[in-house]
Amino acid sequence: MSITVDPEWWKSTFDEIYLITDARSVCDDEITRREIDLVCELLPMNHRDRILDLCGGHGRHSMELYRRGFTRCTLFDYSKPLIERARKEAARCSYDIECIRGDARSIGLLSETFDHVLIMGNSLGYIPEHAADAQILAEAMRILCPGGWLLIDVADGAAVKDSFHPRSWHEIGADVVVCRERKLEGNIVSTREIVLSKEKGMIRNSSYSLHLYDPQTLSQLVNRTGFGKVKVHTGFFPHQRTGDYGFMNHRMLATGQKP
Ligand SMILES: C[S@@+](CC[C@H](N)C(=O)[O-])C[C@H]1O[C@@H](n2cnc3c(N)ncnc32)[C@H](O)[C@@H]1O
């Protein structure tokens, strides 16, 4: 079985259908609260701190931080539908969160303007060019103030490999079935995803791939960018039920401080 992946898949996949297929992880308020509880435990967060939610999708972490009194959040993501949705939701809730669309490899914001950069919910490893994630971290380093903190929350590749399932399917509500076929080659996992709506028929037939990090390679990446006090915290399982959550239930968090 071979899975052919368009190298630019990440530019078009994160849309309204992704919010359905990944709803169990990214549209569950309890899970988002658990993730932000952990961020607040791991980082020295102050309510006046400026926080960048980088590759932040539809802004669930920015909004949860805002509700907790961290009102200086900026959301940054490439996906137009997700950024538009975040803007609408922020306006509906009267949250003053700036939502910016762009490529994290070249953020375009002023240097040394944030106290924390968060890269949450498994948002690295999508771009096949070897240096892409290093470029994203170099940008995080540039826009952080000296002493500022980076936090990365990604799938723990070692745990993913240990419990690798080549096939999975799950239902979302009464209408949607998500079927995934996966192939693991070294540190790259490729997935073909077919999404069926009982009402509308096939609503997605696409493939994507992800570079997996293990605790050691993630730590090396953060260290190489120049961050100090680097730590990787493993064993984060935000889902309390067992199931195949497409890598979202085997997570690790790396933290590092800009000198
Ligand atoms: C799995 S989603 C997670 C979103 C969000 N962090 C969350 O936890 O809900 C990954 C996100 O990373 C974004 N992304 C991936 N590569 C990016 C890049 N180079 N620049 C900006 N956003 C990117 C995608 O658009 C997508 O919204």
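See above for the structure.
A few points on the structure. (Residues numbered from 1 in each chain as written. Predicted model: local features only at pLDDT ≥ 70, side-chain atom pairs only at ≥ 80, totals over all residues. Heavy atoms only, no water.)

The end-to-end C-alpha distance of helix 5 (residues 80-93) is 20 Å, a good match for the 20 Å that 14 residues give at a rise of 1.5 Å each. When we look at burial in helix 5, the residues that qualify are Leu82, Ile83, Ala86 and Ala90. Angularly, the buried residues of helix 5 cover 95° about the axis, an arc narrow enough to put them on a single face. Exposed side chains of helix 5 directed beyond 90 degrees from the buried face belong to Lys88, Ala91 and Arg92. (Helix = DSSP H or I, 4+ residues; strand = E, 2+ residues; numbered from the N terminus. Expected span 1.5 Å × (residues − 1). Buried < 20%, exposed > 50% of the residue type's maximum accessible area, 1.4 Å probe, protein only. Arc of directions from axis to C-beta.)

Between helix 3 (residues 29-42) and helix 4 (residues 60-67), whose axes approach to 10 Å, the crossing angle comes to 70°. Judged by the angle between their axes, helix 3 and helix 4 are roughly perpendicular. Once helix 3 is placed against helix 4, the crossing between them reads as right-handed. Contact residues: helix 3 offers Thr32, Arg33, Glu35 and Ile36, while helix 4 offers Arg60, His61, Glu64 and Leu65. When the residues that make up the contact of helix 3 with helix 4 are grouped by side-chain class, the tally is two nonpolar, two polar and four charged. (Axes fitted to C-alpha atoms, helices over the stretch in contact; angles between N-to-C directions. Parallel < 35°, antiparallel > 145°, perpendicular 65-115°, else oblique. Left-handed = near helix turned anticlockwise from the far one by under 90°. Contact = heavy atoms within 4.5 Å. Nonpolar A, V, L, I, M, F, W, Y, C, P; charged D, E, K, R; others polar.)

Mapped onto the fold, leucine 218 is located in helix 8 (residues 215-225). Given a relative accessible area of 0%, leucine 218 falls into the buried group. Along the sequence, leucine 218 and leucine 253 sit 35 residues apart, while their C-alpha atoms lie 9.2 Å from each other. Aside from chain neighbours lying at most four places away, what touches leucine 218 is Ile152, Val154, Tyr213, Met252 and Ala254.

Turning to the sheet that holds strand 9 (residues 201-211), a few remarks are in order. Pairing is antiparallel in the open sheet, where four strands are placed in the order 6-7-8-9. Across the chains shown, the open sheet's two edge strands, defined by having one partner strand only, are strand 6 (167-172) and strand 9. Averaged over neighbouring strand pairs, the angle between their axes works out to 15° when direction is ignored. One ladder, built from ten bridges, connects strand 8 (residues 188-197) with strand 9; its direction is antiparallel. Looking at the pairing, threonine 191 lines up with tyrosine 208 of strand 9. (Pairing = 2+ DSSP bridges.)

Position of aspartate 15 among the secondary structure elements: in the segment before helix 1 (16-21). Residue classification places aspartate 15 among the buried residues on the basis of a relative accessible area of 16%. If we skip the residues at most four places from it in the chain, aspartate 15 touches Pro81, Leu82 and Arg204.

Here the focus is the pairing of strand 7 (residues 176-185). Looking at chain direction, strand 6 and strand 7 are connected through six bridges and run antiparallel. Among the inter-strand pairings, serine 168 is bridged to a residue of strand 7, identified as arginine 180. Here strand 6 folds back onto strand 7, and the loop between the two strands holds three residues, one of which, glycine 173, carries a positive phi near 60°. Note: strand 7 against strand 8, ten bridges, orientation antiparallel. Each residue of the ladder has a partner; that of valine 178, found in strand 8, is valine 195. Connecting strand 7 to the next strand, strand 8, in antiparallel fashion are two residues, including glycine 186 with a positive phi near 60°.

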